[in-house]
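Survey of secondary and tertiary structure
For reference, the chains in residue letters:
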Amino acid sequence: MSVLIKWNPSVSLGNTLRFLSYYCSKAPSETKFTGMSQEHPKPATKAGFHNAKIDASHTVAETRFLRLEQLDYTSPFGRQKKWDVVRRVRQAPAPAQAPAPSTTAASAKKPDDGVIVEHVQEEIIGDGLAPLMSHLGLGKNAVAAASSSANTESTADGVFIFAILNSKKNPLPHGPETIVVKQFRPPCNSIVVELPAGLIDKGESPGTAAVRELWEETGYKGVLLGISQPCVTSAGLSSETLCMVVVRVDLDLPENQNVPTIMANEKDEEYLETERVPLRQLLVRLDELSENGCSVFTGLYGLAFGLSLAWTPGSL
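Summary of the structure given here. (Residues numbered from 1 in each chain as written. Predicted model: local features only at pLDDT ≥ 70, side-chain atom pairs only at ≥ 80, totals over all residues. Heavy atoms only, no water.)

**Observations regarding the side chain of Glu69**
Its location among the elements puts Glu69 in strand β2 (residues 66-74). A distance of 2.7 Å separates the side chain of Glu69 from the side chain of Arg67, its partner in a polar contact. At a separation of 2.9 Å, a polar atom in the side chain of Glu69 contacts the side chain of Arg87. (Helix = DSSP H or I, 4+ residues; strand = E, 2+ residues; numbered from the N terminus. Polar contact = N/O pair within 3.5 Å; in protein donor to acceptor, adjacent residues only side chain to side chain.)

**As for the packing of aromatic side chains**
A full pass over the atoms with the stated rule returns five aromatic pairs. A centroid spacing of 5.2 Å and a plane angle of 85 degrees characterise the contact between Phe49 and Tyr271, whose relative ring orientation is edge-to-face. Highlighted residues: Phe49 in the loop between α1 (13-26) and β1 (53-62) and Tyr271 in strand β12 (residues 270-278), separated in sequence by 222 residues. Considered together, Phe49 and Tyr271 belong to a single accessibility category, that of buried residues. Where Phe77 meets Tyr271, the ring centres are 6.1 Å apart and the plane angle is 90 degrees; that geometry is what we call edge-to-face. With Phe77 in the loop between β2 and β3 (80-88) and Tyr271 in strand β12, the pair connects residues that are 194 residues apart, well separated along the chain. Accessibility classification places Phe77 together with Tyr271 in one group, the buried group. Three or more aromatic residues joined by ring pairs form one cluster here, namely Phe49, Phe77 and Tyr271. Between Arg280 and the ring centre of Trp311, over which it is positioned, the NZ or CZ distance is 4.5 Å. (Phe/Tyr/Trp six-rings, centres within 6.5 Å; stacked < 30°, edge-to-face > 60°. Buried < 20%, exposed > 50% of the residue type's maximum accessible area, 1.4 Å probe, protein only. Lys NZ or Arg CZ within 6 Å of the ring centre and 35° of its normal.)

**What about helix α4 (residues 206-218)?**
Taking 1.5 Å per residue, 13 residues should reach 18 Å; α4 reaches 17 Å between its end C-alpha atoms and fits that length. Of all the 13 residues making up α4, eleven are buried; the element is thus mostly covered by neighbouring parts of the structure. Of all the residues in α4, the buried ones are Pro206, Gly207, Ala209, Ala210, Val211, Arg212, Glu213, Leu214, Trp215, Glu217 and Thr218. Directly after α4, the chain includes Gly219, whose backbone phi takes a positive value near 90 degrees. (Expected span 1.5 Å × (residues − 1).)

**Some remarks on the sheet that holds β2**
Pairing is antiparallel across the open sheet formed by three strands, whose spatial order is β1-β2-β3. The open sheet is flanked by β1 and β3, the only strands paired with a single partner. Adjacent strand axes in the sheet meet at a mean angle of 25 degrees, parallel and antiparallel pairs treated alike. Sheet topology places β2 next to β3; nine bridges connect them, and they run antiparallel. Residue pairing across strands places Asp72 opposite Lys82, the latter belonging to β3. (Pairing = 2+ DSSP bridges. Axes fitted to C-alpha atoms, helices over the stretch in contact; angles between N-to-C directions.)

From the geometry alone we can't say anything about function, so treat these as descriptive.
The structure is reproduced here in structure tokens:
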């Protein structure tokens, strides 16, 4: 079963996210997976993020706003590698000017540094799925359309996967979870926390690419729930577009149990560490990882922030 997600500006973000959380706990797992090996290569014993570092950077070309560099770096497997990266050229700042004098007491207050959620309200959703789908504009026609659009080749370059993990036999103590991946990104010279993601192969649909990439990067097998329209990632730097694909992972299935947290492919120089995070704790966990030196993918942080707003009393 699959659902085509249509973003309706008149529907609040909170209701949309509550729908996804509710649906993932109800949707049956009907997808059969074929053509995939049941085993992942075991990680090399000495592989790890402790090996990864930038050794040197060489400028290839530069314009007023962009610079092309080639990096010499050491991979998590300890090998010497190269990586091409585009950087923005930062312009000299304008001369500093004295701030205008304050005219109100309110302007003298120090702004909040961020949003702190101390108490999360338990979500209340009706028993029937049909009324909720009708409210969001996701009726039978949208459900029927998903089966064809999910298998249609897309103009997007890649996908990032919002996986929703749940179990009926052994309910998770903190509710539905998602899975994030950590990998060393030479352009950032840091470990980046991201959603599972990858490029769409020629002739491949976003749904097929998402299911494949989720398994390759995390070891989990999921059922497609919905696909967004292609979205830009860094419009001022690149024309790259990605689709967000929502996938449900049934933890009761044998293939989704005892999944390793390190996915290492020494041949292709791919080394990732995965982490399951309760959706209600996602924003807090990302802030913790950021404080510990990791960089966080913008789309992932935006999603976590939206979930926090949806579950915070009076925020929407």
